[in-house]
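Structural features, examined
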Amino acid sequence: MIAISQQPPKMTVEEYLEWEPQQDLRYEYANGEVFAMTGGTIPHNDIALNLYRPLYPHLRSRGCRVNVSDVKMQLTAQSRYYYPDVIVSCDPEDLNARNFIQHPKLIAEVLSPGTSAKDRGEKFTYYLRIPTLQEYILIDSEQISVERYCRGEGRMWLYYPYTAGDIVTLSSIEFECPIELLYEGVVFTTEE
C-alpha cells in the first residue's frame, strides 16, 4: 500500500501555481483545494498515447498542438486547473505556452473506474463551459467504447457513441480513425 501524505491546506491560485511545480506528484486545483493525480494503469496510458500518435502529425501541419496528460489546462484564472489525458489547441496564445493551455479545441479523457465519475461529472460540467472547446471525448479503458460530445447550436451539445468496428470522427480537427486504433495493444481484464 502506498502512503500518501496529508492533503495540503486550502490555497490561493498564486500559491498553487508556485507550490505545484515543486511537488513530486501533479495536482489539479479546484476552488482552493488541490487533488493529487495518482498514476494511471498501463491500458489508460496506452489509450491516451494511441490517440496522441496519429494526432501529432495530423495537427502539426495545421498549426495546432496536442499534448498528453502532463500538460495543465487553465479552466479559469482564479478557480480551476486540470490535467486532461489529451488536449488539442489551435489558439496562437497556446502554441507557445509554457505553463498551461487556456483555449482548448478538443479534450479527451480516458475513463477508468477511479476517474470515471469525475470525468463524467465535475470535469464534464466545467469543460462544456469553455468557449473554445468544440469536442469532448470520453474513451473507456475497460471496454471498446468512445463517447463524443460535439458543440452544436447555442448551448446544445450533440452526443455520438462509438463501439467496436466504428470509425471515430473528430470533426473539429478533421480527423478520423478506426476505434480499434485507440485500443491497439490494450489488454482488457476479464472477470473470473
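Residues numbered from 1 in each chain as written. Predicted model: local features only at pLDDT ≥ 70, side-chain atom pairs only at ≥ 80, totals over all residues. Heavy atoms only, no water.

**What about unusual backbone geometry?**
The residue Asn31 is not glycine, and still its phi comes out positive at about 50°. Summarising the element assignment, Asn31 is placed in the loop between β1 (26-30) and β2 (33-37). Accessibility expressed as a relative area gives 42% for Asn31, which makes it partly exposed. At Glu174, a position not held by glycine, the phi torsion is positive, near 50°. (Helix = DSSP H or I, 4+ residues; strand = E, 2+ residues; numbered from the N terminus. Buried < 20%, exposed > 50% of the residue type's maximum accessible area, 1.4 Å probe, protein only.)

**Details of the side chain of Ser141**
Mapped onto the elements of the fold, Ser141 is located in the loop between β8 (135-140) and β9 (145-151). Looking at Ser141, the relative accessible area reads 5%, which means it is buried. Of note is the side chain of Ser141, whose polar atom sits 2.6 Å from the backbone oxygen of Leu111. Not counting the four nearest positions on each side in its chain, Ser141 is found in contact with Ile47, Val110, Leu111, Ser112 and Phe188. (Polar contact = N/O pair within 3.5 Å; in protein donor to acceptor, adjacent residues only side chain to side chain. Contact = heavy atoms within 4.5 Å.)

**So, the sheet that holds strand β10 (residues 157-163)**
Taken in spatial order, the 6 strands make up an open sheet running β3-β6-β7-β8-β9-β10, and their pairing is mixed. Strands with a single pairing partner mark the edges of an open sheet, and in this sheet they are β3 (65-68) and β10. Each adjacent strand pair in this sheet contributes to an overall mean axis angle of 15°, direction not counted. Sheet contacts for helix α2 (residues 42-60): β3, β6 (86-89), β7 (106-111) and β8; angle to β3, the most-contacted strand, approximately 165°. (Pairing = 2+ DSSP bridges. Axes fitted to C-alpha atoms, helices over the stretch in contact; angles between N-to-C directions.)

**Comments concerning the pairing of β1**
With 4 of 5 residues buried, β1 lies mostly within the body of the structure. Pairing between β1 and β2: 5 bridges, direction antiparallel. From the neighbouring strand, Arg26 faces β2, where its bridge partner is Met37. Following β1, the chain reverses through 2 residues before pairing antiparallel with β2; Asn31 in that reversal takes a positive phi of roughly 50°. Pairing geometry for β1 and strand β5 (residues 80-82), over 2 bridges, is antiparallel. For Tyr29, the partnering residue across the bridge sits in β5 and is Tyr81.

**Topic: the state of the cysteines**
Tallying each qualifying case throughout the model produces 1 disulfide. Here Cys64 connects covalently by a disulfide to Cys90, the sulfurs 1.9 Å from one another. An S-S torsion of about 105° defines the bridge between Cys64 and Cys90 as right-handed. Placement of the pair is Cys64 in the loop between α2 and β3 and Cys90 in the loop between β6 and α3 (92-95), with a sequence separation of 26 residues. Here Cys150 stays unpaired: no disulfide links it, and the sulfur of Cys90, its closest cysteine neighbor, is 14 Å away. In this structure Cys177 is not part of a disulfide, and its nearest cysteine sulfur, from Cys150, lies 15 Å away. (Disulfide = S-S within 2.5 Å.)

**Looking at the sheet that holds β2**
The sheet built from 4 strands is open, its strands ordered β2-β1-β5-β4 with antiparallel pairing. The outermost strands of the open sheet, each flanked by one partner alone, are β2 and β4 (73-76). Direction aside, the axes of adjacent strands within the sheet are offset by 30° on average.

**Side note on the confidence of the model for the protein chain**
For residues with low pLDDT, the predicted coordinates do not support detailed interpretation. Of all residues in the protein chain, 94% attain a pLDDT of 70 or more, and the chain-wide mean is 88. Long-range and interchain partners of residues 1-5, a stretch whose pLDDT sits below 50, account for 1 contact in this model, where long-range means more than four residues apart. (pLDDT = per-residue confidence, 0-100.)

**Remarks on the nonpolar core**
With 26 residues, the main nonpolar core has Leu51, Leu55, Ile139, Val146, Leu170, Ile173 and Leu182 as its most contacted residues. For this core, the elements supplying multiple residues, two or more each, are α2, β3, β6, β7, β8, β11 (167-170), β12 (175-178) and α6 (179-182). Among the elements that take part in this core, α2 stands out by supplying 5 residues, more than any other. Apart from residues no more than four positions distant in its own chain, Ile139 is found in contact with Ile47, Leu51, Glu109, Val110, Leu111, Ser145, Val146, Leu182 and Tyr183. Leu75, Ile87, Tyr127 and Tyr136 belong to the second-largest nonpolar core, a separate cluster that totals 15 residues. (Core = buried A, V, L, I, M, F, W, Y, C linked by side-chain atoms within 4.5 Å.)

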